[in-house]
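Notes for the structure review
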Amino acid sequence: MSDKKRLDLEYSQIESDKMRINVGPQHPSTHGVLRLEVEVDGEIVTEVIPHLGYLHRSFEKHCEKMTYPQVMPYIDRLDYISAMNNEWPYVMALEKLMDIKVPEKVDYIRVILAELNRIANHQIAVATFGLDAGAFTPFLFFFRDREYILWILEKMSGARLLYNYFRVGGLAADVYPGFKEDCLNIVKQVRKTNAEVMDLLIYNSIFIKRSANVGILRPDVAINFACSGPVLRGSGVKYDLRKDEPYSIYDRFDFDIPVGKGEVGVVGDCWDRNMVRVQEMEQSCRIIEQAIAQMPMEGDVSALVPKRIKPPKGEVYMRAENPKGDLGFYIVSNGTDKPERLKARGASFVNLSVIPEISKGYMFADLILILGSIDIVLGEVDR
Amino acid sequence: MGLLNKLDDPYEGGGIVLGKVEDLLNWGRSKSDWYLHFGLACCAIEFMAMNASHFDFMRFGTIPRTSPRQADFIMVTGTVTFKMADRIKVLYEQMAEPKYVISVGSCSNCGGPYWEHGYHVLKGVDRIIPVDVYIPGCPPRPEAFEEGMMLLQSKISKQAIFNKRKKLEAEL
Ligand code: SF4
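Note that the structure is a prediction, hence the values are computed from the model and not measured. (Residues numbered from 1 in each chain as written. Chains lettered and ligands numbered in written order. Predicted model: local features only at pLDDT ≥ 70, side-chain atom pairs only at ≥ 80, totals over all residues. Heavy atoms only, no water.)

Now for the overall build of chain A. Within chain A one finds 16 helices and eight strands. Its C-alpha atoms give chain A a radius of gyration of 21 Å, near enough to 21 Å, the size a compact globule of 383 residues would have. Projected onto its principal axes, the C-alpha positions of chain A cover 70 × 45 × 35 Å. Restricting to contacts in chain A with at least 6 residues of sequence separation, those with at least 24 account for 73%. If you sum the accessible surface of chain A, you get close to 14,200 Å²; carbon and sulfur atoms cover 53% of it. (Helix = DSSP H or I, 4+ residues; strand = E, 2+ residues; numbered from the N terminus. Rg over C-alpha atoms; globule rule 2.2 N^0.38 Å. Contact = heavy atoms within 4.5 Å. Areas by Shrake-Rupley, 256 points an atom, 1.4 Å probe, with all protein chains shown as cover.)

Shown next, in the form of structure tokens:
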């Protein structure tokens, strides 16, 4: 806290002209096409205004025009880093509306794939956070491992990034032979790399100096801004939909919810948010191991669903724990095969709204770091 | 490595190559292209993977630049929206000649999945800037990036540097 105080002190003594500068939309560290209008006083940030809309891809318009299965690819493209997780609340919402019970095997495969994708997402998040702080090597480590995960997902679904694999009432295809062994190998590899990265990045003293005590998000602020996911948990709030509102079969697994503890700084700083992501990878590994052990190999991967998906009239809201936070889908059905309205509640959009709140008073270079620790994806922000 | 093999030829005194200055310049130009990475959407994530351990984009001699003034070509990876389009045009115009454009992914090729109802999506980046290489896919595989880069290199290595206008007129 001492550094921060020193900055505050200096800031109050030196009065200089404020300057407005523009970060983005084409900037290597904005994680996409975000534009931040920043007011700086020397090197100190006094105001941040995010400008959105550079990746507005007319998501809701497409949902109006497409049939329910055709909407799925657009759902993938919301949070394109964790497409499997995106598809899940959507199919769950439809299953809830149509009252379909999916076979047990499907649930297990969904859990495994979603957790694999969560690991892949957190790997990107931690890797790019390292990049923002100036550490390049963890980026290479994580992307090496992420590729192995993508191989599994590709073998399952045929695509590397945007899968379009979940179906209402089931999945597009069954698991391939050797799926379980592949997953267990990945788990081993992820743990090995995480142990390496702990020394290389997380407990590296330069990295701690850079990211601890920076961008402190107090728990009450986080709750007031409706933050979710690692951003909320980094502030020490134990809230995870997988535990608090267990959907699918998450109540069968034994796992912990890592929260920020302020190990090297204050609770809720950038380091904590990052640490939560690393620990969540370990928890995902645990879930995958348990799911692999319990998963039945026989049976169909699809419930009996009519070819033409026509949910009855009504409304439904379903949410799930995405790697970035709560992702919810609100579907209004009018009884036809196209949704009347489909609204997505993206976690990135909500989490981004705390940026102006938590980046005031820090150095300009820290703003980039704070943005990286929030881990936004612009496809979900602008939709 | 073609040039070095030629230099190994057993001429006395060694190292004599007969060729056009144009070829030499083009050889140099095509093997060290710096690019302005313009990551816009999902394709940019695949491009990140392309830059990382397994695929190593830099072995083509490419170095990512963040300023258009230092870049030889621009990689438009992702969905170009109307709001973004004028930015791309400005950035392209800031680049120094000779400059090239690689359009990555269906979105920047033609609008991709958003071509029909995407009221805010530009239906192809070639409507605002000239494109040299199109890489198809949604998103393209890293192997497709490699092929696209090789295509650009072969295009650069065949280009005229001197008497451009004369040659163009003769062609027409
Ligand atoms: S082509 Fe596909 S993957 Fe690439 S930006 Fe467009 S929607 Fe995303």
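After presenting the structure, the write-up continues.
This part takes up the side chain of Asp-145 of chain A. Residue and element names in this part refer to chain A. By secondary structure assignment, the location of Asp-145 is in helix H6 (residues 137-157). By relative accessible area, which is 1% here, Asp-145 ends up buried. A distance of 3.3 Å separates the side chain of Asp-145 from the side chain of Arg-144, its partner in a polar contact. Ignoring any residue separated from it by four or fewer positions in sequence, one finds Asp-145 in contact with Gln-123, Gln-189, Val-190 and Thr-193. (Buried < 20%, exposed > 50% of the residue type's maximum accessible area, 1.4 Å probe, protein only. Polar contact = N/O pair within 3.5 Å; in protein donor to acceptor, adjacent residues only side chain to side chain.)

Generally speaking, a soluble globular protein has its nonpolar side chains buried in company with each other. Residue and element names in this part refer to chain A. Tyr-80, Tyr-90 and Leu-116 are the most contacted members of the largest nonpolar core, which totals 155 residues. Among the elements that make up this core, the one with the highest residue count is helix H5 (residues 104-133) (15 residues). Other than its neighbours up to four places away in sequence, Leu-116 contacts Ile-149, Ile-152, Leu-153, Cys-183, Ile-186 and Ile-288. (Core = buried A, V, L, I, M, F, W, Y, C linked by side-chain atoms within 4.5 Å.)

Turning next to the interface of chain B and chain A. In this assembly, 32 residues from chain B lie in contact with 36 residues from chain A. At the boundary of chain B with chain A, total buried surface from both sides reaches about 3,100 Å², with 64% on carbon and sulfur atoms. Three residues, His-54, Tyr-114 and His-117 of chain B, lead the burial of chain B against chain A; their summed loss comes to 19% of the area buried on that side. Across the chain B-chain A interface, the total number found is two salt bridges. Between Arg-160 of chain A and Glu-46 of chain B there is a salt bridge; the shortest N-O distance is 2.4 Å. For the pair chain B and chain A, the number of links is 12 residue pairs in polar contact (both at pLDDT 80 or more). Secondary-structure elements contributing two or more residues to the side of chain B that touches chain A are strand E1 (34-39), helix H3 (42-51) and helix H4 (82-94) of chain B. Element by element, the count of residues in the side of chain B that touches chain A is highest for H3 of chain B, at five residues. (Buried area = accessible area lost by both parts, 1.4 Å probe. Salt bridge = Lys/Arg side-chain N within 4 Å of Asp/Glu carboxyl O.)

Before going further, it helps to spend a moment on the pairing of E1 of chain B. Residue and element names in this part refer to chain B. Sheet analysis places E1 next to strand E2 (residues 63-65), joined by three bridges and oriented parallel. Bridge pairing in E2 places Tyr-35 opposite Pro-64. A crossover connection joins E1 to the parallel E2 through H3; in handedness this β-α-β unit is right-handed. Sheet topology places E1 next to strand E3 (residues 73-77); five bridges connect them, and they run parallel. Counterpart to Leu-36 in the pairing with E3 is Ile-74. (Pairing = 2+ DSSP bridges. Right-handed = clockwise from strand over helix to strand, strands pointing away.)

A separate point is empty space enclosed by the protein. Scanning the entire structure with this criterion turns up three cavities of 30 Å³ or more. Of the volumes computed, that of the largest cavity is approximately 60 Å³. Lining the largest cavity are 15 residues, with Arg-57 of chain A together with Cys-42, Cys-43, Cys-107 and Cys-138 of chain B sitting closest to its centre. Among the residues making up the lining of the largest cavity, the classes are represented as nine nonpolar, four polar and two charged. When its volume is computed, the second largest cavity comes out at roughly 50 Å³. (1 Å grid on protein atoms, 1.4 Å probe; cavity = no way out; pocket = protein on both sides within 12 Å on 5 of 7 lines; lining within 4 Å. Points joined across faces, edges and corners; volume = space filled by probe spheres on them. Nonpolar A, V, L, I, M, F, W, Y, C, P; charged D, E, K, R; others polar.)

As a further point, take the state of the cysteines. Think of a disulfide as a covalent bridge from one cysteine sulfur atom to another cysteine sulfur atom. Taken as a whole and judged by the stated rule, the model has zero disulfides over all chains. No disulfide involves Cys-227 of chain A; its sulfur sits 13 Å from that of Cys-270 of chain A, the nearest cysteine. (Disulfide = S-S within 2.5 Å.)

What follows covers the site of the ligand. In the vicinity of the ligand, 16 residues are found, and the nearest of them are Arg-77 of chain A together with Cys-42, Cys-43, Cys-107 and Cys-138 of chain B. Residues close to the ligand are split across chains A and B. The cavity that encloses the ligand is the largest cavity. Contributions of two or more residues to the shell around the ligand are made by H3 and helix H5 (105-110) of chain B. Considering each element in turn, the shell around the ligand owes the most residues, three residues, to H5 of chain B. (Near = heavy atom within 4 Å. Sits in = over half its atoms within 2 Å of the grid points.)

Residue and element names in this part refer to chain A. Taken in spatial order, the three strands line up as E6-E7-E8 in an open sheet, and their pairing is antiparallel. Edge strands, defined here as strands with exactly one partner in the open sheet, are strand E6 (314-322) and strand E8 (339-345). Along the sheet, successive strands turn relative to each other by an average axial angle of 15°, direction set aside. Both E6 and strand E7 (residues 325-333) contribute to a ladder of nine bridges, which runs antiparallel. For Gly-314, the partnering residue across the bridge sits in E7 and is Ser-333. On top of the sheet, helix H4 (residues 83-98) reaches E6, E7 and E8; it is set at about 150° to E6, its chief contact. (Axes fitted to C-alpha atoms, helices over the stretch in contact; angles between N-to-C directions.)

Our focus in this paragraph is the confidence of the model for chain A. For chain A, mean pLDDT is 86; residues scoring 70 or higher make up 95% of the total. Mean pLDDT across the secondary structure elements of chain A bottoms out at helix H1 (residues 2-13) of chain A, with 58, and peaks at helix H12 (residues 270-294) of chain A, with 90. (pLDDT = per-residue confidence, 0-100.)

Attention now moves to unusual backbone geometry. Cis geometry marks the peptide bond from Glu-97 of chain B to Pro-98 of chain B, where omega comes out at -10°. In this fold, Pro-98 of chain B is placed in the loop between H4 and strand E4 (100-104). That bond from Cys-138 of chain B to Pro-139 of chain B is cis: its omega, -10°, falls within 30 degrees of zero. Its location among the elements puts Pro-139 of chain B in the loop between strand E5 (133-135) and helix H6 (142-157). Even without being a glycine, Asp-99 of chain A presents a positive backbone phi close to 60°. Structurally, Asp-99 of chain A is set in the loop between H4 and H5. Of note in this structure, Asn-213 of chain A is not a glycine but carries a positive phi near 65°.

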